[in-house]
Amino acid sequence: MLDVIKLLPDSVANQIAAGEVIQRPASAVKELMENSLDAGATQIDLVVKDAGKSLIMVVDNGCGMSETDARLCFERHATSKISKAEDLFSIRTMGFRGEALASIAAIAQVELKTRRKEDEVGVKIVNEGSVVKEQTLAPMAVGTTFTIKNLFFNVPARRNFLKSPQAEMRHVVEEFTRVTLMNPEMGFTLTSDGKELYHLYPGNLKQRIMGLFGNNYDGKLLAVNQETDRVSIHGYIVKAEFAKKTRGEQYFFVNKRFIKHPYLHHAIENAFMEMIPKDSFPGYFLDIEVDPSDIDVNIHPTKTEVNFLDVKLVYAILHAAVRKAIGQNNLSPLIDFDEPTNLGIDFGEVVKSSNPIVQPKVPIDPTYNPFRQKRSDPGDWRQLYGERTDIKATPENFVVETPEDPEQKSHYVQLNQSFIITTVKSGVLVIDQHLAHFRILFEKFLKEMENDSGHSQQELFPQPFTLNSNDASILREMLPELQRLGFVLEQVNATTFMINGTPAELSGGNPAGLLEKMLDNYKINRTDLQLDRKLGMAKTMASQLSIKSQTALSELEMQNIADQLFGCSVAEIAPDGKKIYTIITIDELTSKLS
Ligand code: ADP
Ligand code: MG
């Protein structure tokens, strides 16, 4: 019998390897740009034709290569970045496998021009299908230019497998975006079929985001900065109100390398939970820095997957970092409306003088007053709210009304004992009473925990609250926050607490039942993160104590809910992600009735 095993020629082996590394023009773009970064370039220009199918050119001003290196770089496992196995655990460069150029050369016509600063002239090498076709001297500036022509010229199956030019171009732009985002201090351009699509100037990350996604991102971003000894997280998240209906800008990087990580994505989604609608996606641009030995990037050839040694820790820190950023934005004190004259509003414009002054009739229900907010009324949101639905309910947007304004007589009616209906300038406003009150109480409780300002009402007949010893120790953990919310609990033995006082909002309710619910939810979402604990408790309290659907409300109660809702930092979305209100515009009504 003859032996049957043969060693494949290098050119074939490279072609096979190429299938893993280079799937489409965008993969070559990524590899070339990363090489330029590794070479210390500060300016990288990318030129493509036909979405990279006929031409990809990357011009850099990096360190360049010697003549020998310029020939060697096309060999498989030729890399200047590691020389021994241990190096794998401390990689800081983008590439290290020494496969990319060998792969590209196996399936394309490649021209390399490169010059180091110590060399007087550069060298030009043409390599086609892993064969060096030409080598000459080339006068050029210091740096490297790779020109890739006719990608997959010798692999028709691959070539035919490519998507439409538009789809391939989207991939190219996406790779370009990922590389440029994490290197804002470097300059980049992208030119496609003779048209310059991006011209990115050196700057900071925020400027880079604006350069890539538009100047209107300026006001949409919240900075995230979190340093711990094991993990640092830096970057931006997109404010909740700009969350998109489509998976928009979601960029995770680990040590500046783009990754996809559904589990960590969940940390962000979770952190945004009370803020964005269920069908929207949060945006983020975040770099997670860890010691290279704490990750394994080598598990996937295209390297968008990363294994963390301690992914739970990263999850927790990421979650906390995003929470903090959101919290700093949303819990900032609002302007105090006690002094409307400070707002610089010309009252003459607002007052409609000739209308007779009518004292509004206010039906008062003396048994019900859940609202004891100290913050004064946010002004009459009705005037502006609804005119442009993109206007946020921030105090600056409210026009302060004088009592003689006819809008003051606005009426509220209840539909199905569940919806509050009133008119705004642009149409009919319909508010879900339960969701609105859920949001109002949620923000109120959060503030109380921040400021230690929860109102307590003393129990005339303190009740004992007995738990098993495990739950009792968990309740002890919750005590500081419970106290801030207005609970006065006194531990009398290992498993029993006396309920001496309860939050004012509970009036008449069942304190033990509420405590049990809080304990249950706390156990489900148990976390070491203080801010999360607060959010979780505020959410449970608010959900338990908010007005339910199918509850009759007086007009004053409805007005209170509307006023307080539009004084919230997030008026649109309930803490469970549901939309709180909608406006049926006059235009919509007109078209319906025509
Ligand atoms: P890797 O990046 O994994 O080392 P590549 O095949 O991408 O492997 O590149 C092989 C080698 O070629 C690199 O290690 C580097 O030494 C050299 N090289 C590639 N591109 C450039 C460039 N733009 N400037 C300078 N050197 C480069
Ligand atoms: Mg490389």
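Scroll up to find the structure.
Residues numbered from 1 in each chain as written. Chains lettered and ligands numbered in written order. Predicted model: local features only at pLDDT ≥ 70, side-chain atom pairs only at ≥ 80, totals over all residues. Heavy atoms only, no water.

A. Up close: the pairing of strand E3 (residues 109–115). Sheet analysis places E3 next to strand E4 (residues 122–128), joined by six bridges and oriented antiparallel. Among the inter-strand pairings, Glu111 is bridged to a residue of E4, identified as Val126. The antiparallel hairpin formed by E3 and E4 contains six residues in its connecting segment. Where E3 lies against strand E6 (residues 143–149), seven bridges are found, and the strand directions are antiparallel. The residue bridging Leu112 from the neighbouring strand is Phe146, located in E6. (Pairing = 2+ DSSP bridges. Helix = DSSP H or I, 4+ residues; strand = E, 2+ residues; numbered from the N terminus.)

B. Representation of the packing of aromatic side chains in the model. A complete count under the given rule lists 14 aromatic pairs for this structure. Both rings, one in Phe213 and one in Phe285, keep their centres 5.4 Å apart while their planes meet at 50 degrees; by these two values the pair is tilted. Residue Phe213 is found in helix H7 (residues 205–213), and its partner Phe285 is found in strand E13 (residues 284–290); the two are separated by 72 residues along the sequence. Owing to a relative accessible area of 0%, Phe285 belongs among the buried residues under this scheme. Centroid distance Tyr263 to Tyr315: 4.7 Å. Interplanar angle 35 degrees. Geometry classified as tilted. (Phe/Tyr/Trp six-rings, centres within 6.5 Å; stacked < 30°, edge-to-face > 60°. Buried < 20%, exposed > 50% of the residue type's maximum accessible area, 1.4 Å probe, protein only.)

C. Focus on helix H12 (residues 469–484). An ideal rise of 1.5 Å per residue puts 22 Å on 16 residues; H12 measures up with 23 Å between its terminal C-alpha atoms. Residue Met478 marks the point of greatest curvature in H12, where the axis turns by about 55 degrees; the proline Pro480 follows within four residues. Turning to H12, its buried residues are Asp471, Ala472, Ile474, Leu475, Met478, Glu481 and Leu482. A distance of 3.1 Å separates the backbone nitrogen of Asn470 from a side-chain oxygen at the start of H12, and that oxygen is part of Asn468. Directly after H12, the chain includes Gly486, whose backbone phi takes a positive value near 110 degrees. (Expected span 1.5 Å × (residues − 1). Bend = angle between axes of the 7 residues up to and from the residue. Polar contact = N/O pair within 3.5 Å; in protein donor to acceptor, adjacent residues only side chain to side chain.)

D. Structural view of the pattern of salt bridges. Tallying each qualifying case throughout the model produces 15 salt bridges. Put simply, Arg24 and Glu168 hold a salt bridge, and the shortest N to O gap is 3.0 Å. Here Glu168 lies in helix H6 (residues 165–181) and Arg24 lies in the loop between helix H1 (10–21) and helix H2 (25–38), a separation of 144 residues in the sequence. A single burial state applies to Arg24 and to Glu168, both of which are buried. We note a salt bridge from Lys523 to Asp471, for which the minimum N-O separation is 2.8 Å. Highlighted residues: Lys523 in helix H13 (residues 511–524) and Asp471 in helix H12, separated in sequence by 52 residues. Owing to a relative accessible area of 33%, Lys523 belongs among the partly exposed residues under this scheme. Look at Asp471 and you get buried, because its relative accessible area is 12%. Where salt bridges share partners, they join Arg116, Glu118 and Asp119 into one cluster. (Salt bridge = Lys/Arg side-chain N within 4 Å of Asp/Glu carboxyl O.)

Treat this as a map of the structure, not an account of what it does.
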